[in-house]
Every structure is written in structure tokens, then in C-alpha cells.
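Residue-level structural notes
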Amino acid sequence: MTHLSIIIPAFNEEANIAAVVARTRSVLDGLDVSWTITFVDDGSRDSTVERIRVESVADSRIGCLVLSRNFGKEIAIAAGLSAAKGDAVVIMDADLQHPPETIIDFLAAWRQGAEVVLGQRIDAPDASRRRQLASNMFYPVFRMMAGMSLEAGTVDFVLLDRKAVDALNRFGERSRFTKGLFHWIGFRTVIIPFDCGVRTGGQSSFNFRRLLRFALDGIISFSSWPLRIWSWVGAIVSASSIIYALYFLLRTLIHGADVPGFPSLIVSITFLSGIQLLSLGVIGEYLSRIYDEVKARPLFLIREEIGNSSQPDVNRTDTAA
Ligand code: UDP
Ligand code: MG
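Here we summarise the structure given alongside this text. For clarity, every value in this text was computed on a predicted model and none was experimentally measured. (Residues numbered from 1 in each chain as written. Chains lettered and ligands numbered in written order. Predicted model: local features only at pLDDT ≥ 70, side-chain atom pairs only at ≥ 80, totals over all residues. Heavy atoms only, no water.)

Next up on the list: the overall build of the chain. Tallying secondary structure elements over the chain gives 11 helices and 8 strands in all. In summary, the chain has a C-alpha radius of gyration of 25 Å against a globular reference of 20 Å for 321 residues, an excess of more than 25%. Over its C-alpha atoms, taken along the principal directions, the chain stretches across nearly 95 × 35 × 35 Å. The buried share of the chain, taken over its 321 residues, is 44%. For the chain, restricting intrachain contacts to residue pairs at least 6 apart in sequence, the fraction spanning at least 24 positions comes to 85%. When the accessible surface of the chain is totalled, it reaches about 16,900 Å², and 61% of it is carbon and sulfur. (Helix = DSSP H or I, 4+ residues; strand = E, 2+ residues; numbered from the N terminus. Rg over C-alpha atoms; globule rule 2.2 N^0.38 Å. Buried < 20%, exposed > 50% of the residue type's maximum accessible area, 1.4 Å probe, protein only. Contact = heavy atoms within 4.5 Å. Areas by Shrake-Rupley, 256 points an atom, 1.4 Å probe, with all protein chains shown as cover.)

Moving on to the sheet that holds strand β3 (residues 62–67). Here we have 8 strands laid out as an open sheet, ordered β7-β5-β6-β4-β1-β2-β3-β8, and mixed in their pairing. Either end of the sheet is taken by a strand with one partner, and the two such strands are β7 (189–194) and β8 (302–306). Averaged over all pairs of adjacent strands, the angle between their axes in this sheet comes to 20 degrees, without regard to strand direction. Relative to the sheet, helix α4 (residues 102–111) contacts β1 (3–10), β4 (88–91), β5 (116–121), β6 (154–161) and β7, its axis offset from that of β6 by approximately 50 degrees. (Pairing = 2+ DSSP bridges. Axes fitted to C-alpha atoms, helices over the stretch in contact; angles between N-to-C directions.)

Moving on, we get to the coordination of the magnesium ion (ligand 2). Each protein donor to the magnesium ion (ligand 2) is listed here as Asp95 (OD) and Gln97 (OE1); together their distances run 1.9 to 2.0 Å. Residue Asp95 is classed as buried on the basis of its relative accessible area of 2%. (Donors = N, O, S within 2.8 Å, 3.2 Å for Na, K, Ca; no water.)

Further remarks concern the packing of helix α5 (residues 129–146) against helix α8 (residues 208–222). It is the contact of α5 with α8, at a shortest axis distance of 10 Å, that shows an interaxial angle of 10 degrees. By the angle class used here, α5 and α8 are roughly parallel. Touching Arg130, Arg131, Ala134, Phe138, Val141, Phe142, Met145 and Ala146 of α5 are Phe208, Leu211, Ala215, Gly218, Ile219 and Phe222, all from α8. Its residues placed into classes, the contact of α5 with α8 shows 11 nonpolar, 1 polar and 2 charged. (Parallel < 35°, antiparallel > 145°, perpendicular 65-115°, else oblique. Nonpolar A, V, L, I, M, F, W, Y, C, P; charged D, E, K, R; others polar.)

In the vicinity of ligand 1 there are 18 residues, among which Glu13, Asp42, Asp95, Arg199 and Ser204 approach most closely. For ligand 1, an oxygen atom lies 2.8 Å from a polar atom in the backbone of Phe11. Within the side chain of Asn70, one N or O atom sits 3.0 Å away from an oxygen atom of ligand 1. Coverage of ligand 1 by the protein chains reaches 94% of its 530 Å² of free accessible surface. Most atoms of ligand 1, that is more than half of them, are within 2 Å of grid points of the largest pocket. Split by residue class, the shell around ligand 1 holds 5 nonpolar, 5 polar and 8 charged. (Near = heavy atom within 4 Å. Polar contact = N/O pair within 3.5 Å; in protein donor to acceptor, adjacent residues only side chain to side chain. 1 Å grid on protein atoms, 1.4 Å probe; cavity = no way out; pocket = protein on both sides within 12 Å on 5 of 7 lines; lining within 4 Å. Sits in = over half its atoms within 2 Å of the grid points.)

In this structure, the largest pocket spans a volume of roughly 1,300 Å³. Lining the largest pocket we find 49 residues, and of these Arg121, Arg131, Lys179, Phe206 and Leu211 sit closest to its centre. The set of elements that each furnish at least two residues to the lining of the largest pocket consists of β1, α3 (73–83), α5, β6 and α8. In this structure, the second largest pocket spans a volume of roughly 670 Å³. If you trace the second largest pocket, you find 23 residues lining it, with Phe71, Ile75, Arg174, Ser175 and Asp217 closest to the centre. Secondary-structure elements contributing two or more residues to the lining of the second largest pocket are α3, α8 and α10 (262–295). Here the lining of the second largest pocket takes 5 residues from α10, the largest share from any one element. Partitioned by chemical class, the residues of the lining of the second largest pocket number 6 nonpolar, 4 polar and 13 charged. (Points joined across faces, edges and corners; volume = space filled by probe spheres on them.)

Before going further, it helps to examine the nonpolar core. Core analysis: the biggest nonpolar cluster contains 40 residues, and Leu67, Leu81, Ile91, Phe142, Leu160 and Phe300 have the highest contact counts within it. It is α3 that provides the largest number of residues to this core, a total of 7 residues. When near neighbours in sequence (up to four residues on either side) are disregarded, Leu81 contacts Ile7, Val89, Ile91, Leu160, Val165, Leu168 and Asn169. Counting residues in hydrophobic clusters, the runner-up holds 37 residues, among them Val20, Ile62, Met92 and Ala109. (Core = buried A, V, L, I, M, F, W, Y, C linked by side-chain atoms within 4.5 Å.)

Structure below.
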């Protein structure tokens with residue numbers, strides 16, 4: 001019999017645990033599969049873990065990996081994937097914005113041979129205009145920079161075949177952009193649209209700044225374009241300064257020397273130092289990520305396991321190389 005593992009990263013989701021368990025269970029019980037739900041508690045500061053413990057006592061198919069602190073959603077997903085045992089693994093949010101009923105379609109697509117089934121959000125009613133605009137801008141920019149087209153609106157509501165899970169478990173990188181990785185690994189991919197509901201309780205933990213940071217992480221971990229563009233900027237600036245120098249030479253030969261313009265001097269100095277600082281900043285962004293990777297700290301640490309989950313191999317990055 002097929003075993004389906006459901007992974008749910010949860011950060012301060014006390015208001016949603018009971019609802020997400022009830023709704024997901026009723027969907028899963030209607031399928032001809034055996035299943036487990038594994039929450040990954042990402043350092044919640046509310047009673048999320050206690051709520052999950054109650055569910056786990058009542059139903060042994062429900063369990064939780066409790067991380068030692070908040071590591072961020074991407075790392076929580078990595079923790080869940082490394083613990084998942086299923087023939088297929090579904091990752092979904094705890095706030096019911098990823099409707100569990102969609103799993104039925106995911107499973108059908110998987111049975112027809114899909115190895116990665118991506119959920120595509122058709123509307124997010126509680127997303128702000130600013131957030132929607134930013135999200136609409138992100139996909140073309142990402143496509144241009146990374147040379148890889150992410151289907152707009154695909155989110156990390158996904159079903160992965162065992163092969164894809166094993167592939168993702170070999171990625172040791174810390175600044176993970178999971179959506180990009182789903183695409184990078186290849187495999188037969190099918191996209192299934194779903195209605196993104198409103199968060200059932202609690203608050204979104206992604207404010208605009210955090211999203212921007214996330215987008216930057218995504219671009220930087222999939223593209224070296226921002227790093228390389230400075231050679232071109234440098235070439236263009238040098239070429240134009242040579243032309244400018246020739247122009248001055250000719251003017252001096254024809255009209256004789258005059259007092260050079262003070263404003264143009266200041267403008268060119270500030271402009272060029274701006275460009276230099278900017279390019280240094282970009283190098284810094286990459287360098288800090290290289291530093292993070294080189295330290296090779298464990299991706300996550302687990303305080304406790306509740307119920308079904310089994311200790312994943314935290315040091316798996318060593319064997320991944
Ligand atoms: N989440 C997490 N760690 C974090 C932030 C969020 O595990 O540091 C989980 C959260 O509990 C939820 C999912 O990631 O299950 C999506 O988060 P949220 O609903 O806040 O994001 P949004 O839907 O607004 O993008
Ligand atoms: Mg949400």
C-alpha cells in the first residue's frame with residue numbers, strides 16, 4: 001500500500017493545529033493510502049507544540065519534529081523532508097491556505113506518473129496589493145537572472161515522489177530557495193491550480209521586508225548575474241571616460257585651456273564611488289552567503305520528536321558532497 005507523508009512547517013500556529021489536522025485527516029482517510037502527518041515546529045513561542053502533542057496522543061499517525069529554535073520555513077521544510085518516509089511526500093502550510101482537498105488531485109497526478117506536483121495559487125484574497133505587485137515582478141526578474149522560468153504563482157504546496165525527496169535531501173545549502181530547487185531538480189512536473197484561501201487563524205509571519213529578503217536569497221542562490229554585471233558596467237564607464245578625455249584634449253588644442261568645471265568633477269566622483277560601493281555591496285551579499293556555507297554548520301537542530309517522526313540525519317550534508 002502507498003504511504004503518504006504530509007509535512008507541515010508550523011511557526012506560532014496554535015490557532016490552526018486542530019483545524020488543519022481535522023480537515024487533512026478527513027481527506028486522507030478517504031484515500032486508499034496509509035499516511036502520517038509530521039509537523040515541523042519551527043521554534044514556536046506559543047502553545048503550538050502542546051496542541052500537536054494532544055493530537056499525537058489521540059492519533060498515532062500524527063507527530064512532530066520540534067526544532068531547537070526558529071530556523072525559518074525553508075529549513076523547516078528541509079528538516080521535514082529528511083525525516084519523511086513516504087513513497088510520496090506532501091508539503092503544506094499550517095494555516096489552511098493550502099486546502100488539504102487538493103491532495104486528492106496531487107495524488108492522482110502522481111499516480112499518472114508525475115514526480116513533482118506543484119500547487120499553483122490562483123488567488124490569495126488576503127495578500128496586499130503591494131505584495132501582489134512584488135510577486136508579479138519577482139517571476140520575470142528571476143527568469144531573466146536565473147535563466148530558469150518558475151511558473152508564476154507556484155508555491156511550496158507540493159507533492160514529491162520518493163526520487164525527488166531523495167534528490168532534495170542531498171542539498172546541503174543553507175540559504176535555500178525551495179521553490180527554485182523544486183524546479184532545479186527536474187523530474188516530470190505537473191502543475192495543479194488551487195484556490196488559496198484566507199489564513200484561518202493567527203498572523204502571517206512574512207512581512208514585506210522578510211519577503212524581499214527571501215526574493216533576494218532566491219535570486220542570489222540561483223544566479224551569478226548580479227556579480228558579473230560589474231565587469232560590463234566597468235567597461236562601459238571606462239570607455240566613456242576615454243571618449244570624454246579625447247573630447248577635452250581636442251577642446252584644449254582648439255580653444256586652449258580653461259578652468260575645468262567643478263560640478264562635473266563632483267558629479268563624476270560621487271557617481272563613480274556610488275557604483276563602486278554598490279558593486280562591493282553585491283560582492284558582500286555573495287561573500288556572506290559563501291561564508292555561511294563554508295562554516296558548514298548543521299542545517300537545523302532538533303529538541304524533541306513527538307510521535308511518528310524519526311530522527312533525521314542532521315549531518316547528511318557530509319555525505320551529500
Ligand atoms: N513558517 C515556518 N517558519 C517561519 C515562518 C513560517 O515554519 O519562520 C510556516 C508557517 O507556520 C506556515 C507556513 O510557514 O505553515 C507559511 O507561513 P505564513 O502563512 O506566515 O506565510 P504566507 O502564507 O503569508 O506566505
Ligand atoms: Mg499563510
